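Examining the three-dimensional arrangement
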Amino acid sequence: MSDLPAPGPARFAYWVPNVSGGLVTSTIEQRTDWGYDYNRKLAVLAENNGFEYALSQVRYMASYGAEFQHESTSFSLALLLATERLKVIAAVHPGLWHPGVLAKLGATADQLSGGRFAVNVVSGWFKGEFSALGEPWLEHDERYRRAEEFIQALRTIWTEDHAELAGDFYRIRDFSLKPKPLNTTERPHPEIFQGGNSTAARAMAGRVSDWYFSNGKDFDGVTEQLADVRASAAAAGRPAPRFGLNGFLIARDTEAEAREVLREIIAKADTEAVHGFGAAVKQAGQSTADGTGMWQDSAFEDLIQYNDGFRTGLIGTPEQIAERIVAYKRLGVDLFLLGFLHYLEEVEYFGERVLPLVRELEAQEEGPQAADLGPVAATAGPDATPPPEADASDGDTPSREADAAPPSGPVPAAVRP
């Protein structure tokens, strides 16, 4: 497969805060809310500040700081109906859904939203949820085998009449879904995202998924995952899935301010909840055949942001963060899945101060065609107003992983040692 950088402008998604407790397991103030009214306002704000996607989280019971949870598919549909351009990704567990039932829900949501529904197939890490609901907890690689079969069933039902599947986990017999989801110029069916870090997850992504979501990684980690996923896709004879990277973004006017926020988040960590989460996810990942499951090398500080978001290093001034985003894009990252401490304020700050700098850097690297996109147009839609230019300032390394430079192109100032 091609090792060229990701085509087109960088794209952005945000974690929907549809569970209580915010995006960090810390007692620091988080001006966010898990309720619908807040999230409806956030979704409208996000689609007007450069965000093309939103990802609704899936939790079925209280755990590790998430005392309350809204169900992901219904919440996603509500956000789709409250917005005009935003694509909303609903996270789902194959072990708790039948693919035919989800296909029906997804087709309806896609029809109602004009082709903006997507799914993120989550193989599962929280054994307690499955036990509480009386469902079997499969071993790690078996969960990924089931997830792969789930995706195959979903895609078949969405694209074919008289669907048939005789699998190890699902049986589909002469099933025709009507209406089907929309077949748009952008995709033939709702986009299928998939997360994971293990060897099994990477191989599965290459074989069946449209998108691969990675936990937070430095440059070396992203390069390794991209190579594995692309190799799996090449072996399967299909185009490589696009690559999404998780990151917790702390943008402030000075690097010192951003670093102080990170220090306070870590200092005020809910130690009991972080250790509980760490024990659960490491148990899930240790059952892999080669020990490469998610979170296996995550330190306590990483687990405070429960998808290793600090590791991506999007912490500093707008200039530093924009340079780091473009450096990741140069490696092949297509989409940045972002979390924030104070959503409304920081999403707007991102659209006004960070995104214009990203577009400027992309234009410098990609030539006049990229410049024609304008600072926001590529992701914010035709009705969005381009934000004002940000002031330039110098800054030092924003991340402890920043010394791993991208393999080609000049090393930006924000990632030099």
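Everything numeric here is computed off the predicted structure, so don't read it as measured data.

Focus: the packing of aromatic side chains
Taken as a whole, this structure holds 20 aromatic pairs when the rule is applied. Ring plane angle 75° and centroid distance 5.6 Å describe the contact between Phe340 and Tyr343, whose orientation is recorded as edge-to-face. Classification of Phe340 by relative accessible area gives buried; the value is 0%. Here a set of aromatic residues connected by ring pairs shows up, and it is made of Phe12, Tyr14, Phe51, Phe219, Tyr328, Phe336, Phe340, Tyr343 and Phe350.

Some thoughts on the packing of helix H1 (residues 36–47) against helix H12 (residues 343–366)
Here H1 crosses H12 at 5°, and the two axes come no closer than 10 Å. By the criterion of interaxial angle, the relationship of H1 to H12 is roughly parallel. Counted together, Tyr38, Lys41, Leu42, Leu45 and Ala46 of H1 and Tyr343, Leu344, Val347 and Glu348 of H12 form the full contact between these two elements.

Brief notes about unusual backbone geometry
For the bond from Lys178 to Pro179, the omega torsion is 0°, close enough to zero to count as cis. Within the chain, Asp174 stands out as a residue other than glycine whose phi angle is a positive 50°. Residue placement: Asp174 occurs in strand E6 (residues 171–175). Taking relative accessible area as the criterion, Asp174 reaches 48% and is therefore assigned partly exposed.

Here's the deal with the nonpolar core
Nonpolar side chains in soluble globular proteins tend to be buried together. Counting 108 residues, the largest nonpolar core has Phe12, Tyr14 and Ile265 as its most contacted members. Looking at which element gives the most residues to this core, the answer is H12, with 10 residues.

Some words on the sheet that holds strand E12 (residues 335–339)
Strands sit in the order E1-E2-E3-E4-E7-E8-E9-E12 around a closed barrel of 8 strands; the barrel is parallel. In this sheet, neighbouring strand axes are inclined to one another by 25° on average, regardless of whether the strands run parallel or antiparallel. Sheet topology note: the strand E1 (residues 11–16)/E12 ladder contains 4 bridges and is parallel. Of the residues in E12, the one forming a bridge with Phe12 is Phe336.

Regarding helix H2 (residues 72–82)
Along H2, the residues that are buried comprise Ser72, Thr73, Phe75, Ser76, Leu79 and Leu80. Each buried residue of H2 sits inside an arc of 160° when the element is viewed along its axis, so together they form one side. Buried positions along H2 lie against E1, H1, strand E2 (53–56), strand E3 (87–92), helix H3 (99–113) and strand E4 (117–121).

Concerning the pattern of salt bridges
Between side chains of opposite charge, a pair can form as their charged atoms come close. Within this structure, the stated rule accounts for 24 salt bridges. Between Arg353 and Asp253 there is a salt bridge, with the nearest N and O atoms lying 3.2 Å from each other. Remark: Asp253 occurs in the loop between strand E10 (250–251) and helix H8 (255–267) and Arg353 occurs in helix H12; sequence separation between them is 100 residues. The residue Glu362 makes a salt bridge to Arg359 at a minimum N-O spacing of 2.8 Å. Residue Glu362 and its partner Arg359 are both found in helix H12; the two are separated by 3 residues, about one turn of the helix. The residues Glu362 and Arg359 share a single accessibility class, namely buried.

Cut-offs and rules
- Residues numbered from 1 in each chain as written.
- Predicted model: local features only at pLDDT ≥ 70, side-chain atom pairs only at ≥ 80, totals over all residues.
- Heavy atoms only, no water.
- Phe/Tyr/Trp six-rings, centres within 6.5 Å; stacked < 30°, edge-to-face > 60°.
- Buried < 20%, exposed > 50% of the residue type's maximum accessible area, 1.4 Å probe, protein only.
- Axes fitted to C-alpha atoms, helices over the stretch in contact; angles between N-to-C directions.
- Helix = DSSP H or I, 4+ residues; strand = E, 2+ residues; numbered from the N terminus.
- Parallel < 35°, antiparallel > 145°, perpendicular 65-115°, else oblique.
- Contact = heavy atoms within 4.5 Å.
- Core = buried A, V, L, I, M, F, W, Y, C linked by side-chain atoms within 4.5 Å.
- Pairing = 2+ DSSP bridges.
- Arc of directions from axis to C-beta.
- Salt bridge = Lys/Arg side-chain N within 4 Å of Asp/Glu carboxyl O.

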